[in-house]
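Structural description and commentary
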Amino acid sequence: MIQWKPNHTGFTEQIVSGLNPISRVKSIGSNHAVGSPNNVEAYSLGLSQEDLMLEDNGAVSSWMKADVNCDDDSLVSRTVQAKGSKVSGFDLDPPKVLVVDDHAASRMTAVALLGMEGYEVIEADSGYIVVGLVTQKQPDLILLDVMMPGMDGFEVCQLLKQDEQTRLIPVIFITALNDRRSRIRGIEVGADDFLTKPFDRVELAARVKSLVRQKRLNEDLDHAEQVLFSIAMSIESRDPNTGDHCERLVKLGQVFGEYLNLSRYQIRDLMWAGYLHDIGKVGIPDAVLLKKGKFTPEDWQIMQQHVLIGEKICQPLRSMRGVIPIIRHHHERWDGSGYCDGLKGDDIPHLAQVFQLIDIYDALTSERPYKKAFTSAEALLVMQEEADSGWRNPKLMQQFAEFISFGHEKE
């Protein structure tokens, strides 16, 4: 319906595909009725003099004792882990490190040192196979040589960081001493850290351990977000009458947010709110949520609790801090007659005001069991009447009406 062209090409796909449950969510209940609310010659890894001595004295023996598994079907040399070694803090699940370098001697050095530290080490001798190998082996960290023939480390890193399935895997670039250009380029493509050769064993172990721990914390956060969207899916199954309400809100939130020149993160919060604004309805009894007739005052009191329940569900996640004000306050009114806090005017968070307009507009222009679908003109008329009566921000309402009208002119 609305043909407004987004400024951020592929923005919806980037945000939505990153959270797998989102792309499968169809709708969350909404009970709005009318009046309601990327080659140079290759170089290799290096060792300090101290570590060369360590390798002569101990690393080789560890290497000889290592378990070696060869994969004849790929360019991966071997997967190695020293017997009896464990990484402190990861005893139950030894982290996997992928070492990528086209020089076999360099890979052996890194494998020996990391194996001594208890890591499970995977080797690759070409940048071309890294992306597929990462998907298959799911390493916790990648130690990546910058200069390799064919696909260099910069290209590999850029591909990994652009993929939602691999973007959380830390990448440590191995660079030449004082190679400022490589470091700058590495930052541009998303490298998480750098090691300058020759590097020493202690520094390598410390950097790898720190980044692996951070990666696992980020994964926990990602999983927690997916749980929230799974809850939102359960609400859809309880209240199927709203159709694709949430999917429409995500798209409308993006284009209206761009129309208002909101920041990327504000637009993301609006889009996430499209799924999560009514997540608190998971705590509302079916007798109220699915009630066919009019709500009693007691029913309304119960229903209004969904914004507080939704806030409590999302509050533990810092990534949701921009969404929480929308969840709590998207039923406030400009004159203070809304809920849950009776906020007035600009005391109502701005994104909650913006979201409220797209939520109401979609509800009015969609068919529900208790109402027919209004045309855009009819919906805007109802919303303008509510603004005139003091329920909506008049300036924001004017911007929204212009936005909708512009979309129809384009159509």
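As the structure is a prediction and not an experimental result, all values here were calculated from the model.

So, how was this worked out
Residues numbered from 1 in each chain as written. Predicted model: local features only at pLDDT ≥ 70, side-chain atom pairs only at ≥ 80, totals over all residues. Heavy atoms only, no water. Salt bridge = Lys/Arg side-chain N within 4 Å of Asp/Glu carboxyl O. Helix = DSSP H or I, 4+ residues; strand = E, 2+ residues; numbered from the N terminus. Buried < 20%, exposed > 50% of the residue type's maximum accessible area, 1.4 Å probe, protein only. Axes fitted to C-alpha atoms, helices over the stretch in contact; angles between N-to-C directions. Parallel < 35°, antiparallel > 145°, perpendicular 65-115°, else oblique. Left-handed = near helix turned anticlockwise from the far one by under 90°. Contact = heavy atoms within 4.5 Å. 1 Å grid on protein atoms, 1.4 Å probe; cavity = no way out; pocket = protein on both sides within 12 Å on 5 of 7 lines; lining within 4 Å. Points joined across faces, edges and corners; volume = space filled by probe spheres on them. Nonpolar A, V, L, I, M, F, W, Y, C, P; charged D, E, K, R; others polar. Phe/Tyr/Trp six-rings, centres within 6.5 Å; stacked < 30°, edge-to-face > 60°. Lys NZ or Arg CZ within 6 Å of the ring centre and 35° of its normal. Expected span 1.5 Å × (residues − 1). Arc of directions from axis to C-beta. pLDDT = per-residue confidence, 0-100.

1. Some words on the pattern of salt bridges
Applying the stated criterion across every chain, the model contains 12 salt bridges. Here Arg185 and Glu188 are joined by a salt bridge, their closest N and O atoms 3.5 Å apart. You can see Arg185 and its partner Glu188 sitting in helix H7 (residues 180–189), three residues apart, about one turn around the helix. Between Glu378 and Lys372 there is a salt bridge whose closest N-O contact spans 3.5 Å. Given a relative accessible area of 51%, Lys372 falls into the exposed group. Connected through shared salt-bridge partners, Asp193, Glu203 and Arg207 make up one network.

2. Concerning the packing of helix H10 (residues 264–276) against helix H15 (residues 350–364)
In contact at an axis separation of 11 Å, H10 and H15 are set at 50 degrees when each is read in the N-to-C sense. As far as their axial angle goes, H15 and H10 are oblique. Two packed elements cross with a definite hand, and for H10 against H15 that hand is right-handed. Residues Gln266, Asp269, Leu270, Ala273 and Gly274 of H10 form the contact with H15, whose participating residues are Leu351, Val354 and Phe355.

3. Structural notes on empty space enclosed by the protein
Roughly 60 Å³ of internal volume is contained in the second largest cavity. Lining the second largest cavity are Glu332, Arg333, Trp334, Ile348, Gln353, Gln356, Leu357, Trp391, Arg392, Asn393 and Leu396. By residue number, the principal contributor to the lining of the second largest cavity is H15, which donates three residues. When its residues are assigned to classes, the lining of the second largest cavity shows five nonpolar, three polar and three charged.

4. A look at the environment of Arg213
Tracing the backbone shows Arg213 in helix H8 (residues 201–238). Taking the C-alpha atoms as reference points, Arg213 and Pro95, 118 residues apart in sequence, are found 9.4 Å from one another.

5. Considering the packing of aromatic side chains
Considering all chains together, one arrives at nine aromatic pairs under this definition. Relative to Phe403, the ring of Phe256 has its centre 4.9 Å away and its plane inclined at 40 degrees; by these criteria the two rings are tilted. Taken together, the residues Phe256 in helix H9 (residues 245–259) and Phe403 in helix H17 (residues 394–410) connect sequence positions 147 residues apart. Accessibility expressed as a relative area gives 0% for Phe256, which makes it buried. For Phe403, a relative accessible area of 0% puts it in the buried group. Between Tyr361 and Phe400 the ring centres are 5.4 Å apart and the planes differ by 75 degrees, which places this aromatic pair in the edge-to-face class. Note that Tyr361 is positioned in helix H15 and Phe400 in helix H17, a separation of 39 residues in sequence. On the accessibility criterion, Phe400 (0% relative accessible area) is buried. Three or more aromatic residues link up through ring pairs in this structure, and these residues are Phe256, Tyr259, Tyr361, Phe400 and Phe403. The ring of Tyr265 carries the charged tip of Arg264 above its face, separated from the ring centre by 5.6 Å. Here Arg268 stacks its cationic end above the ring of Trp272, 4.7 Å away from the centre of that ring.

6. Describing H10
For H10, with 13 residues, the first-to-last C-alpha span of 18 Å sits near the 18 Å given by 1.5 Å per residue. Taken as a whole, H10 has its buried residues at Ile267, Arg268, Asp269, Leu270, Met271, Trp272, Ala273, Gly274, Tyr275 and Leu276.

7. Focus on the environment of Leu141
If you trace the backbone, Leu141 turns up in strand E5 (residues 141–145). Not counting chain neighbours up to four residues away, the residues in contact with Leu141 comprise Lys96, Val97, Leu98, Ile169, Pro170, Ile172, Val208, Leu211 and Val212.

8. Re helix H16 (residues 376–388)
When the terminal C-alpha atoms of H16 are compared, their 18 Å separation across 13 residues agrees well with the 18 Å that a helix rising 1.5 Å per residue should span. For H16, the complete set of buried residues consists of Ser376, Ala379, Leu380, Val382, Met383, Glu386 and Ala387. An end-on view of H16 places all buried positions within 160 degrees of arc, on one side of the element. Exposed side of H16, more than 90 degrees from the buried face: Ala377, Leu381 and Asp388 are the residues found there. Just downstream of H16, Gly390 is the residue with a positive phi angle, here 100 degrees.

9. Some details on the confidence of the model for the protein chain
When pLDDT drops low, the exact placement of atoms in the prediction is not to be read closely. In the predicted model, the protein chain carries a mean pLDDT of 75, and the fraction of residues at 70 or more is 69%. Low pLDDT, under 50, characterises residues 1–78; the predicted model gives this stretch 215 contacts beyond four residues in sequence or across chains.

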